[in-house]
Amino acid sequence: MRRPITFGVALGMTLFLSLAPPADAQTGVDMRWEVLSKSERAIIDRLAAQFYEESLRYAQSSQIEAHTSELYVHATPAERARFREQRRSSWNEMNESQRHALRGVKRPTFRNLTESQKAPFRRYAIDQLDAAGAIDESAMAAALRNDI
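Model, not experiment: these values are computed from the prediction.

Reading the values: rules and limits
Residue numbers restart at each chain and count upward from 1, following the sequence in its written direction. Where totals are concerned, whole chains, interfaces and linings use all residues; where local detail is concerned, this predicted model gives features only for residues with pLDDT of at least 70, and gives and counts side-chain atom pairs only at 80 or more. Hydrogens and water are ignored here; the side-chain numbers use all heavy atoms of the structure. Joining through side-chain atoms within 4.5 Å is the link that ties buried Ala, Val, Leu, Ile, Met, Phe, Trp, Tyr and Cys residues into a set, and such a set is a nonpolar core. Whether a residue is buried, partly exposed or exposed follows from its accessible area with a 1.4 Å probe, protein chains only, as a fraction of its type maximum: under 20%, in between, or over 50%, in that order. Each helix corresponds to a stretch of at least 4 residues labelled H or I by DSSP, and each strand to a stretch of at least 2 residues labelled E; elements are numbered beginning at the N terminus. Contacts are residue-level and defined by heavy atoms, with any inter-residue pair within 4.5 Å sufficient. Polar contacts, as counted here, are pairs of nitrogen or oxygen atoms within 3.5 Å of one another; within protein the pair requires one atom able to donate a hydrogen and one able to accept it, and residues that are adjacent in sequence qualify only if both atoms are side-chain atoms. A helix is expected to span 1.5 Å for every residue after the first. The axes used here are C-alpha line fits, helices contributing only the stretch in contact, and every angle between their N-to-C directions lies in the interval 0 to 180 degrees. Orientation is classified from the angle alone, with under 35 degrees giving roughly parallel, over 145 giving roughly antiparallel, 65 to 115 giving roughly perpendicular, and any other angle giving oblique. Charged means Asp, Glu, Lys or Arg here, nonpolar means Ala, Val, Leu, Ile, Met, Phe, Trp, Tyr, Cys or Pro, and polar covers whatever is left, Gly included. Should a side-chain nitrogen of Lys or Arg be within 4 Å of a carboxyl oxygen of Asp or Glu, the pair is scored as a salt bridge. The quantity called pLDDT is the predictor's confidence in a given residue, expressed from 0 to 100.

1. Observations concerning the nonpolar core
General note: in soluble globular proteins, nonpolar side chains tend to be found buried as a group. Ranked by size, the top nonpolar core spans 15 residues in total, and within it Leu36, Ile44, Tyr52, Phe110, Phe121 and Ile126 carry the most contacts. When residues in this core are grouped by element, the largest group, 4 residues, is from helix α4 (residues 38-55). Every residue in contact with Tyr52, bar those within four places of it in the chain, is listed here: Ser61, Ile64, Glu65, Pro108, Thr109, Phe110, Leu113 and Phe121.

2. Some details on the side chain of Arg122
With respect to the secondary-structure elements, Arg122 resides in helix α8 (residues 115-131). Overall, the relative accessible area of 6% leaves Arg122 in the buried class. Side-chain polar atoms of Arg122 contact the side chain of Asp45, separated by 2.6 Å. With sequence-adjacent residues up to four places away left out, Arg122 is seen in contact with Trp33, Ile44, Asp45, Ala48, Phe110 and Glu115.

3. Re α8
Its 17 residues place the ends of α8 24 Å apart at the C-alpha level, agreeing with the 24 Å of an ideal helix rising 1.5 Å per residue. Those residues of α8 that fall on the buried side of the exposure criterion are Gln117, Lys118, Ala119, Phe121, Arg122, Arg123, Ala125 and Ile126. The secondary structure elements touched by the buried residues of α8 are α3 (31-34), α4 and α5 (58-73).

4. Here we look at the packing of α5 against helix α6 (residues 77-93)
When two helices pack together, their arrangement is given by the angle between their axes and by how far apart the axes lie. Look at α5 against α6: their axes get within 9 Å of each other, and the N-to-C directions meet at 135°. Judged by the inter-axis angle, α5 sits oblique to α6. For the pair formed by α5 and α6, the contact residues are Thr68, Tyr72 and Val73 on the first element and Arg80, Phe83, Arg84 and Arg87 on the second. Across the contact of α5 with α6, the residue classes tally to 3 nonpolar, 1 polar and 3 charged.

5. Digging into the pattern of salt bridges
Taken as a whole and assessed by the stated rule, the structure comprises 6 salt bridges. For the salt bridge of Arg99 with Glu96, the shortest nitrogen-to-oxygen distance reads 4.0 Å. Pair noted here: Arg99 and Glu96 are both in helix α7 (residues 96-102), with a separation of 3 residues, about one helical turn. Residue Arg99 is classed as buried on the basis of its relative accessible area, which comes to 18%. We note a salt bridge from Glu115 to Arg122, for which the minimum N-O separation is 2.7 Å. Since its relative accessible area comes to 46%, Glu115 is described here as partly exposed. What emerges from the salt-bridge pattern is a single network uniting Asp45, Glu115, Lys118 and Arg122.

6. Describing the confidence of the model for the protein chain
The pLDDT averaged across the protein chain works out to 77; a share of 79% of its residues lies at or above 70. Across the protein chain, the element-wise mean pLDDT spans from 43 in helix α2 (residues 23-27) up to 91 in α4. Below a pLDDT of 50 lies the segment residues 6-27, which in the model reaches 2 contacts outside its immediate sequence neighbourhood of four places, other chains included.

7. Overview of the environment of Asn112
Looking at where Asn112 falls in the secondary structure, it is placed in the loop between α7 and α8. Once you skip the residues sitting within four places of it in the chain, Asn112 turns out to touch Glu65, Thr68 and Arg87.

Printed below as a string of structure tokens:
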């Protein structure tokens, strides 16, 4: 009688522990993102933005964006100043047509997320490119080897 119970508990614990996210997912750091060039990051951000803005349900993206304001409210004064400076520089980099396109937007946009909020979408975009064979594994391995 004890043997099946012990086996069941051991199997359950093994399954439960195997569902834990990898260590890099817990910290939010994806080393693949860190080694990409500026142009490669722009491509990944476009794919991530497309997924966030077009594939997520409105309720999901709205909830994520609402969390951005919560992060701002609970931030320290220095973090708030850094957040405002990032938004200000982003605004200044836009041309007039890009600024006009942001006015009256009804759906949340990827650009409004914090870097930590963008990380899972970037990870998803990199995974999609990798699955499609668009990422040179040897070049990525070499870049990671140089970075570590």
